[in-house]
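Take a look at the letters that make up each chain.
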Amino acid sequence: MATLELIGFGSNGWGALLLLAALMTLCVTATALAIGAVLGAIISAAKLSGKTWLVALGNVYTTVFRGVPELLIIYLIYFGGSSAVTSIGKAMGYEGFLGMPSFLAGALAVGIISGAYQAEVFRGAYLAISKGELEAASAIGMHRGLRFRRIIIPQVLRFAIPGLGNVWQLSLKDSALISVTGLAELMRTSQVAAGSTRQYFLFFIVGGILYLILTSLSDRVFNGAERRANRSMPTAAMGKA
Amino acid sequence: KDWKSATITLEGAYAPWNMTNADGTLGGFEPELAKVLCERAEIECKLVASDWDGMIPALNAGKFDVIMDALSITEDRKKVIGFTIPYAATPAAFATAKDSPLANAAGTGATIKMTPGQTGVKEVDALKEAFKGKTIGIQAATVYAKFVYDNFGDIAEIREYKTGADRDLDLQNGRIDLGFDDAVYFANAFQSANDTLAFTGPEIVGSIWGEGEGLGVRQADTDLRDKLNEAIKSALADGTVKTLSMKWFKVDVSPQN
Amino acid sequence: MPGVTRLSVRNIRKSFGTHEVLRGISLDAQDGDVISLLGASGSGKSTFLRCINLLETATDGEIWVDGEQIRMIHKGGTSRPASQKQVDHIRSELGMVFQSFNLWSHMTILQNVIEGPVHVLKRPRAECIAEAEALLEKVGIAAKRHAYPAHLSGGQQQRAAIARALAMKPKVMLFDEPTSALDPELVGEVLRVMRALAEEGMTMLVVTHEMSFARNVSNRVVFMKEGLVESTGSPDEMFGGGASPAFRQFIGHFGNGQ
Amino acid sequence: MPGVTRLSVRNIRKSFGTHEVLRGISLDAQDGDVISLLGASGSGKSTFLRCINLLETATDGEIWVDGEQIRMIHKGGTSRPASQKQVDHIRSELGMVFQSFNLWSHMTILQNVIEGPVHVLKRPRAECIAEAEALLEKVGIAAKRHAYPAHLSGGQQQRAAIARALAMKPKVMLFDEPTSALDPELVGEVLRVMRALAEEGMTMLVVTHEMSFARNVSNRVVFMKEGLVESTGSPDEMFGGGASPAFRQFIGHFGNGQ
Amino acid sequence: MDFAFLAQTMGTLLKAVPMTLALFSLSVFFGGLLALLIVWMRVGGNPVLSAIAKGYIFIFRGSPLLIQMFLVFYGLGQFGFIRYSFLWPFLREPFVCAVLSLALCTAGYSAEIFRGGIRAVSPREIEAARSIGMSGALLVRRILAPIAFRHALPAYSTEIVLMMKSTALASLVTVWEVTGVAQRLISQTYRTMEVFLCAAIIYLVLNFIILQVMSLLEYSLSRHRRAIPPALKA
Ligand SMILES: Nc1ncnc2c1ncn2[C@@H]1O[C@H](COP(=O)(O)OP(=O)(O)OP(=O)(O)O)[C@@H](O)[C@H]1O
Ligand SMILES: Nc1ncnc2c1ncn2[C@@H]1O[C@H](COP(=O)(O)OP(=O)(O)OP(=O)(O)O)[C@@H](O)[C@H]1O
Ligand SMILES: [Mg+2]
Ligand SMILES: [Mg+2]
């Protein structure tokens, strides 16, 4: 059947390209999540610091990057980032254009956005740590650094896993918007295949299914991580509604 | 700069002008023409695909050096980028569903010539009665959009699409009655729509669509533009453009003036 | 070495805002002393313990732990410890057991117990594990050493918390109502462990509502009222005829179940 | 009207999976009876109360409330009530007071108390408010009627919970360890209210660890052991010399604080 | 900076704000209703309904809105039986389709959020309600829903802001809201940064207002958690 051939792996099939694109989506999202984790940690620390201006700075960051459509941010970073890099190059004596690679621009944009969401996740996780456990750490003479490393970090990670799962989910779909930078991720490859073969529905449905597969795979990873992290928690007794 | 090498961008999803093959390579009229032009200009060219939406800003940001994506040469665009001479000029026409009452409207099969901003042409006005109250789909921010607004804005409902392909789907679905676009593009679209769509009314050619489709370059890169102009001239003169055009479009799109 | 002063508190004051919770409390604990702190809710017992190991900073007063004075900086109405390093050191010499156990939920019981020795005292891990297991044996929960706190009963959690504090080899143990979050039947387990500690000569300061503990285990009873030591004495003096009217009224609450 | 049987339970059994928690318990409560249910942890006291008002469904047995039998459907090892409507009606006649109060956190105390009369019994709001205020007066927290539960002490919350149950004008009150989540000093407040209720002739079934209540307030003591009634009798019989060895051993836990 | 151009751009974009707001409010409203239905199916105990709800949530949370919208708008019309049904006069309208796909998508997310809220309700408070004879709809209306809604509110405000941003995709189906108009402006003027900056400001302001309203709502619904008198602090 022609349809099967189109999405298959033969010489006329888009299967290989689509799988590669799904892999690209995975890579760009993972990079973005890593960038976002660093930013999120810094921003949540600022918001928890209690210093007025740091808190304000954190609030501005989270408000702006959660309040502006992702597409606009991607554009602003894709184009704005290039002109910034170019002018830095000029200042250092390099004549000509220095583009920002689409992968980097896309990962950076999605990462900055996910940083805003991760900041909230980390903050919530920190606040969920029992005050008593922190006091117990002080009471045996742990200094700040040790307390942070031994008590706070492990618990923040544990409480943050479900929230991080959601952020991953959001970023996965934000990465679809990176297609405007020309990066051959899943969304753009589906569009290109659709435009080149004029089989719009076929490729959009296949693209959608690939996204669902990525989602369920990552769900599985996060659920596993959550179960592992919650070994130490009481088995929750679900109340009947 | 002596332009030993250059990067050319195209969308890779605008068949048959340019498209992506299942193995990821680029094919179609423009990639093949680009190869010819680069050889003649003695430039080593690299083709990269990018998204239509950001193409012009990205050119100016320096991500590539040349746009080759059925880019019409217009006054608005000339304000932000430079153009070579055109390598193609295509007519435009209305399309509708084959079984629609609007099929075979007055002037179907004829060709008329128009100049920029021209209205009140009798062949066009002849369509007004039939198109009254109908919905016309156009691709947003194109020269064709301006034509439809100027001539039918008062009698028909106009709906703007982000891409021509979306509009074609809605034409098939019956959400709109008519579409107006590049006739070469349409001819190819009809095939993939299983020939349920057809042209209606006259084909319109002339300077109303600008000078035709040219290569876009940064305004500062006049040396590159000049090199490419020479290559285009020679490819037009020896019929290479015509050969490629017949291969991909089944008609000759090389500029006639 | 009886007679050594393990803990000495001189004239401690503590205010929250305008509310003065501790209004000048002094107390000495010699080696082997077991002191029960009694008092109505809000009388400042918890605050007093928390000031001793600097979870709260006393507004005024002096604290010596095992002969070493905690250096404080008093400036413009607020005070803070002069050296965080000294604070950490002092805290490692004071074992604290909380009402709500406060075991670290992400660690097993054994990990909870070795955490301090390994990471604060920086002692060899293997040695700490051996000692921890002995301690867990002693408080009777060795079988649970690889369980997480959430999977233990309250009484077991509290015994683990005691083992955790003991693992630091503290000079003085501070207990803040260690049994009052427990079901009546679990109280006994914890009190038994505390009684054993007292018999081994551990210096202890215990905030409690368990009159039988105060009466039978401790060698001194301190009764606090509104931020002051209202009366103090040996259990025999206090629970015998000689107590102050306020204390008699206080213990009156407990005799009958109404 | 003494002598009327308010509650009658016949041979109740309850299993969770393969574990049989109640192994056939029967009990009658006449109008004005105050019955104390004692027993070790895990003996099934809570499960028994929860079966009576159908928060758990008994695997077997019969329950009559004020002369009306609860209709059950037993099918293939599982059972369920035949009519949700009857269940709701029966529950509205049984007032339940939980160990952990369980006040609705999003409502003020007054709203908590009138919720049932207004929305379940569908009585006029104004009337319910008047009655609720009288009840809150009676349990001594009328001043707190516009406060939210989170702003009250445990003892106050428990008294509000009692008022909420009383507002439904229940035929029988069921108490599941109503004081064991309270600080020792707050226990008295709640016990006082319960004693007053008993004196007014309310029929009550009370799971408790407060021996003084069982001894002085109730007119019957039921001792449960491993899902069965091990022994039962008047407080004088039970706490006097005549009790069974198992019960004597059980109350032995409570005399001293270890 | 070309302020005249910025002002003109702002003027053009502001004219599209009512369209953005209409898309937003209608899709949040219908999406919320649908979410209630789905969450009822999801937690109701009927395994078939629950599986359907799970599948729905999986599909609509797991795939990009762009694809959903494309398939709803261009895909539904491919089916003759839809084109000739009574629904077509509605589905023919791009605006209706845009609202439909936005609502379908947010319903999946909101259902999960509401479910989280329900799970956060203390089973003990439910038990207390049962023990005075509440059940069924009365229990849901008086106890479960108010507490669950309060728990769900913070997550739901985030979702609503996401919805506001999602309306930006509606230009795909010829509904010209703020982002679409901005893109059209760019393809006329090629001044990407300026135009997008104006659009960004508009969204920022809209979302800021939404968040303020939501936190006001949150504040007024959390009286029972606020201002615990210090004397009663544990
Ligand atoms: N962090 C704080 N901020 C303000 N006031 C506080 C703080 N901690 C305690 N207080 C107040 O100090 C007083 C004494 O509290 P403390 O906890 O020391 O009493 P306590 O004797 O331990 O009582 P309980 O038996 O209830 O534990 C109380 O009135 C309390 O409200
Ligand atoms: N929902 C349940 N599922 C399984 N087992 C249960 C459940 N509820 C109670 N049990 C078991 O039933 C037994 C009796 O429990 P129950 O709570 O009735 O005891 P109790 O006498 O009230 O004890 P306590 O004094 O600790 O409250 C226990 O072994 C308990 O583990
Ligand atoms: Mg205290
Ligand atoms: Mg119980």
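Rules of the game
- Residues numbered from 1 in each chain as written.
- Chains lettered and ligands numbered in written order.
- Predicted model: local features only at pLDDT ≥ 70, side-chain atom pairs only at ≥ 80, totals over all residues.
- Heavy atoms only, no water.
- UniProt positions renumbered as here; feature names shortened; annotations may be inferred.
- Helix = DSSP H or I, 4+ residues; strand = E, 2+ residues; numbered from the N terminus.
- Expected span 1.5 Å × (residues − 1).
- Buried < 20%, exposed > 50% of the residue type's maximum accessible area, 1.4 Å probe, protein only.
- Arc of directions from axis to C-beta.
- Contact = heavy atoms within 4.5 Å.
- Polar contact = N/O pair within 3.5 Å; in protein donor to acceptor, adjacent residues only side chain to side chain.
- Buried area = accessible area lost by both parts, 1.4 Å probe.
- Salt bridge = Lys/Arg side-chain N within 4 Å of Asp/Glu carboxyl O.
- Near = heavy atom within 4 Å.
- Areas by Shrake-Rupley, 256 points an atom, 1.4 Å probe, with all protein chains shown as cover.
- Nonpolar A, V, L, I, M, F, W, Y, C, P; charged D, E, K, R; others polar.

By the naming in an unreviewed UniProt entry, chain E goes by ABC transporter permease subunit and is assigned to Rhizobium grahamii. Reading the Sequence similarities (unreviewed entry) entry of the UniProt record for chain E gives the comment "Belongs to the binding-protein-dependent transport system permease family. HisMQ subfamily."

Going by an unreviewed UniProt entry, chain C carries the name ATP-binding cassette domain-containing protein and comes from Rhizobium grahamii. A UniProt comment under Sequence similarities (unreviewed entry) is attached to chain C, and it reads "Belongs to the ABC transporter superfamily." Entered under Subcellular location (unreviewed entry) in the UniProt record, the comment concerning chain C runs "Cell membrane".

This paragraph deals with helix α1 (residues 3-15) of chain E. All names here are of chain E. With 13 residues, α1 should reach 18 Å at 1.5 Å per residue; the first-to-last C-alpha distance of 18 Å fits that figure. Where α1 is concerned, the buried positions are F5, L6, T9 and L13. Angularly, the buried residues of α1 cover 95 degrees about the axis, an arc narrow enough to put them on a single face. In α1, those exposed residues whose orientation departs by more than 90 degrees from the buried face are F3, A4, A7, Q8 and K15. Close packing links the buried residues of α1 with α2 (17-43), α10 (178-189) and α11 (192-220). N-capping of α1 is provided by D2, with a side-chain oxygen placed 3.3 Å from the backbone N of A4.

Okay, the interface of chain E and chain A next. With 37 residues of chain E at the contact, the number on the chain A side is 37 residues. Taking both sides of the interface into account, the surface hidden between chain E and chain A amounts to around 3100 Å²; carbon and sulfur atoms contribute 79%. The interface formed by chain E and chain A holds one salt bridge in total. Among the ionic pairs, E70 of chain A bridges to K165 of chain E, the shortest N-O distance being 3.0 Å. Connecting chain E to chain A are eight residue pairs in polar contact (both at pLDDT 80 or more). Looking at the side of chain E that touches chain A, the elements with two or more residues in it are α3 (47-62), α4 (65-76), α7 (94-120), α8 (123-131), α9 (136-166), α10 and α11 of chain E.

Let us look at the UniProt feature "domain: ABC transmembrane type-1" (unreviewed entry) in chain E. When the UniProt feature table is mapped to this numbering, "domain: ABC transmembrane type-1" (unreviewed entry) covers residues 13-214 of chain E. With 83% helix and 0% strand, residues 13-214 of chain E has end C-alpha atoms that lie 25 Å from one another.

The next point concerns the site of ligand 1. Surveying the vicinity of ligand 1 reveals 13 residues, the closest of which are S41, G42, K45, S46 and T47 of chain C. The environment of ligand 1 is shared, with nearby residues belonging to chains C and E. Contacts to ligand 1 include S43 of chain C, whose backbone N or O atom sits 3.3 Å from an oxygen atom. Its free accessible area being 640 Å², ligand 1 has 70% of it covered by the protein chains. Of all the secondary-structure elements, those providing two or more residues to the shell around ligand 1 are β2 (19-30) and α1 (45-52) of chain C. Classifying every residue of the shell around ligand 1 by side-chain character gives four nonpolar, seven polar and two charged.

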